[in-house]
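# Coordinate analysis (summary)
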Amino acid sequence: MVSVEVKQVTTVKSKVTIKGTKEGLVFFMDDACSFDELLADLREKIEHSHQQILSGPLIRVSIKLGKRYCTPEQQEQLTQIIRQKGNLVIHTVEADVITREEALAERLKTQFSVKVNTVRSGQVLEYDGDLLLLGDVNPGGIVRSTGNIYVLGHLRGYAHAGISGDSQVIIAAAVMSPTQLRIADVISKPGEEWTTNSGGTEFAYLENDTMLVAKMNYLPRIRPELGEQRL
Amino acid sequence: MGIGIVVTSGKGGVGKTTTSANLGTALALLGQKVCMVDTDIGLRNLDVVMGLENRIIYDLVDVAEGACRLPQALIKDKRFENLALLPAAQTKDKSAVSPEQMNEIVTQLKREYDYVIIDCPAGIEQGFRNAVAGADQAIVVTTPEKAAVRDADRIIGLLEREKVGMPKLVINRVRSHMVKNGDMLDVEDILDLLAIDLIGVVPDDDHVIKSANQGEPAVMNHESRASIAYRNIARRLLGEAVPLQPLEEKVGVFHRMRKFFGLK
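Residues numbered from 1 in each chain as written. Chains lettered and ligands numbered in written order. Predicted model: local features only at pLDDT ≥ 70, side-chain atom pairs only at ≥ 80, totals over all residues. Heavy atoms only, no water.

Let's shift gears to the nonpolar core. As a rule of thumb, nonpolar side chains are buried together in soluble globular proteins. B:Leu86, B:Leu109, B:Leu169 and B:Leu194 are the most contacted members of the largest nonpolar core, which has 53 residues in total. Examining the composition of this core, we find that 6 residues originate from one element, helix H7 (residues 146–161) of chain B, more than from any other. Beyond its immediate sequence surroundings of up to four residues, B:Leu194 is in contact with A:Arg120, B:Val149, B:Ala152, B:Asp153, B:Ile156 and B:Leu169. Among the nonpolar cores identified, the runner-up in size contains 37 residues, and B:Val7, B:Met36, B:Leu52 and B:Leu237 belong to it. (Core = buried A, V, L, I, M, F, W, Y, C linked by side-chain atoms within 4.5 Å. Buried < 20%, exposed > 50% of the residue type's maximum accessible area, 1.4 Å probe, protein only. Helix = DSSP H or I, 4+ residues; strand = E, 2+ residues; numbered from the N terminus. Contact = heavy atoms within 4.5 Å.)

Structure representation (structure tokens):
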């Protein structure tokens, strides 16, 4: 009788493995068991078995979900249990898997499109991702994109980069004389915060929610990460 | 088979009807068989400018509705044997004709005439779509004013979507002294923005207004500078390489103009 019980304990593999690293604790969640089993094991470890190592000063916690897809609600359930311990601060929740929609959105975000035409008055060119326009944008013409906008021509019309809220994007133009520029939700027109000077290639960007325009050779200092976004 | 050319501008009052009348007459003077079609239903003017108002019996809407045959509605201009006009109706509006009907009428006319000049109403609605329906080519008229150039740009964008080929540009009513003082857009600025081929620059000329009031196209007068400009546009349409007229006696402007035609 006793031996049977011991056997049971050894065959049940731990669903939650806790490891200590320099950055804090990492919780590895088993991705083959059911979510309920996972919750039960986590609760057991937090509330009973691992009391000793889980108490003390503030510790950063990273959760690794492996190949399990968790909905935001499920993630909340997991983090709630861990938060019971006041000293555990959740830093990241990571999974190796994402949904198809997220994957598609991610792909569109890094997509780069080249368009060759003049955007004339009343025409709208809208795009998901970074946009390179080989042509002019005339007054009354509109270019909109979720990513960066590069105009290899004369930008006289209206350009809106980061239409879904990304404030790190830029609008660059070979000749910059727009009627209006927008990045994320900041609207600006020339002569207010900025004026174009050189007649050479310039780019507009946001700094503390204010639009600024600089010559192209300042780009490496202002947005060095632009070149590294794509794989 | 002839060619259908629509004369359009977007903005009103820049000289579409004047250009249509003078271009049609100039082509007829050069020996072409020309039919002018007024598509400005409800606000017809081409017949007035041509001095043919009192000869209208049937009109465009009658033809479209089958109330008469197409040749019955055509007014032959007695001054030029190879010039005809299909007038617009004055009592209906733009929706009285459909683009399909327009296409059918222009196709019929093209069998008979070398050039069918279609005078387009202002705006971008049904009247515009009607006028463009049967056209093979387009001439965009603008004046050197910001608003007119903006509307011309819009129209060029719309024309690109139709099957009509790359439009040609006429810059109308240029006042050389204002351009010189920088108070008016110059030809170069306009071409830089619109990026289409220039086919003529017409100087602002009192004679154009006078002749329109007399019902006599300006090209009939050989002295007027606008008349020369219109006749040159007609010659360029026929494929001749005619240099642009100087807007005034000034070498600099002349040379700049010539540059656009690749003559220098």
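This is not the end of the story, as more comes after the structure.
On to the sheet that holds strand E5 (residues 112–115) of chain A, then. All names here are of chain A. Across the sheet, which stays open at both edges, the 6 strands sit in the order E5-E7-E9-E11-E14-E15 with mixed pairing between neighbours. Of all strands in the sheet, those bounded by a partner on one side alone are E5 and strand E15 (210–215). The average angle at which neighbouring strand axes cross in this sheet is 25°, direction not considered. Two elements, strand E11 (residues 171–176) and strand E14 (residues 202–207), share 3 bridges in a ladder whose sense is antiparallel. Its bridge partner being in E14, Ile-171 is matched across the sheet by Ala-204. (Pairing = 2+ DSSP bridges. Axes fitted to C-alpha atoms, helices over the stretch in contact; angles between N-to-C directions.)

On to the UniProt feature "domain: CobQ/CobB/MinD/ParA nucleotide binding" (unreviewed entry) in chain B. UniProt's entry tags residues 5–217 of chain B with the feature "domain: CobQ/CobB/MinD/ParA nucleotide binding" (unreviewed entry), counted in the numbering of this structure. Note that residues 5–217 of chain B is 41% helix and 19% strand, and that its end C-alpha atoms are spaced 19 Å apart. (UniProt positions renumbered as here; feature names shortened; annotations may be inferred.)

Right, let's get into unusual backbone geometry. Both trends apply: most residues other than glycine have a negative phi, and most peptide bonds are in trans. All names here are of chain A. Of note, the phi angle at Asp-209 is positive, near 60°, even though the residue is not glycine. With respect to the secondary-structure elements, Asp-209 resides in the loop between E14 and E15. Under the relative-accessibility criterion, Asp-209 is labelled exposed at 60%.

Looking now at helix H10 (residues 206–213) of chain B. Residue and element names in this part refer to chain B. What H10 keeps buried is the set His-207, Val-208, Ser-211 and Ala-212. Down the axis of H10, the smallest arc covering the buried residues is 135°, so these residues share one side. Those residues of H10 that are exposed and aimed more than 90 degrees away from the buried face are Asp-206, Ile-209, Lys-210 and Asn-213. Packing partners of the buried residues in H10 comprise helix H1 (16–29), helix H2 (46–49) and helix H11 (225–237). For H10, the N-terminal cap is Asp-205; the gap from its side-chain oxygen to the backbone nitrogen of His-207 is 2.9 Å. Remark: Gly-215 follows H10 within two positions and exhibits a positive phi of approximately 70°. (Arc of directions from axis to C-beta. Polar contact = N/O pair within 3.5 Å; in protein donor to acceptor, adjacent residues only side chain to side chain.)

Let's shift gears to the sheet that holds strand E2 (residues 24–29) of chain A. Sheet strands associate in pairs through backbone hydrogen bonding, adopting either a parallel or an antiparallel arrangement. Residues and elements named next belong to chain A. Taken in spatial order, the 4 strands line up as E1-E2-E3-E4 in an open sheet, and their pairing is mixed. Two strands lie at the open edges of the sheet, namely strand E1 (16–21) and strand E4 (88–94), each paired on one side alone. Within the sheet, the average angular offset between the axes of one strand and its neighbour, ignoring direction, is 25°. Two elements, E1 and E2, share 6 bridges in a ladder whose sense is antiparallel. If you follow Gly-20 over to E2, its bridge partner there is Leu-25. Packed on one face of the sheet, helix H2 (residues 35–49) meets E1, E2 and E4 and runs near 50° to E1.

Residue-level contacts link 8 residues of chain A with 11 residues of chain B. Broken down residue by residue, the surface that chain A buries against chain B is led by A:Arg120, A:Ser121 and A:Pro139, which jointly contribute 57%. On inspection of chain A and its partner chain B, the count reaches 3 salt bridges. The salt bridge involving A:Arg120 is made with B:Glu160; its shortest N-O contact spans 3.3 Å. The interface formed by chain A and chain B holds 8 residue pairs in polar contact (both at pLDDT 80 or more) in total. Among the residues making up the side of chain A that touches chain B, the classes are represented as 1 nonpolar, 4 polar and 3 charged. (Buried area = accessible area lost by both parts, 1.4 Å probe. Salt bridge = Lys/Arg side-chain N within 4 Å of Asp/Glu carboxyl O. Nonpolar A, V, L, I, M, F, W, Y, C, P; charged D, E, K, R; others polar.)

This paragraph deals with the confidence of the model for chain B. Averaged over every residue, the pLDDT of chain B is 91; the share at 70 or more is 93%. Scored by ipTM, the complex comes to 0.80, with pTM at 0.74. (pLDDT = per-residue confidence, 0-100.)

As a further point, take the pairing of strand E7 (residues 168–174) of chain B. Residues and elements named next belong to chain B. Among the 7 residues that make up E7, 5 are buried, leaving the element largely enclosed by the rest of the structure. Pairing of strand E6 (residues 137–142) with E7 involves 4 bridges; the strand directions are parallel. For Val-141, the partnering residue across the bridge sits in E7 and is Val-170. One crossover worth recording links E6 to the parallel E7 by way of H7, and it is right-handed. Pairing of E7 with strand E8 (residues 197–203), which is carried by 5 bridges, proceeds in the parallel orientation. Looking at the pairing, Val-170 lines up with Gly-200 of E8. (Right-handed = clockwise from strand over helix to strand, strands pointing away.)

As a further point, take the pattern of salt bridges. Tallying each qualifying case throughout the model produces 16 salt bridges over all chains. Close ionic contact of A:Lys45 with A:Asp41 constitutes a salt bridge, the shortest N to O distance being 3.0 Å. Within this pair, A:Lys45 and its partner A:Asp41 are both found in helix H2, separated by 4 residues, close to a single helical turn. Take A:Asp41: its relative accessible area is 16%, and that puts it in the buried class. For the salt bridge of B:Asp153 with A:Arg120, the shortest nitrogen-to-oxygen distance reads 2.9 Å. Here B:Asp153 is found in helix H7, whereas its partner A:Arg120 is found in the loop between E5 and strand E6 (124–127) on a different chain. Each member of the pair, B:Asp153 as well as A:Arg120, is classed as buried. Via salt bridges that share partners, A:Arg120, B:Asp153 and B:Glu160 belong to a single interconnected network.

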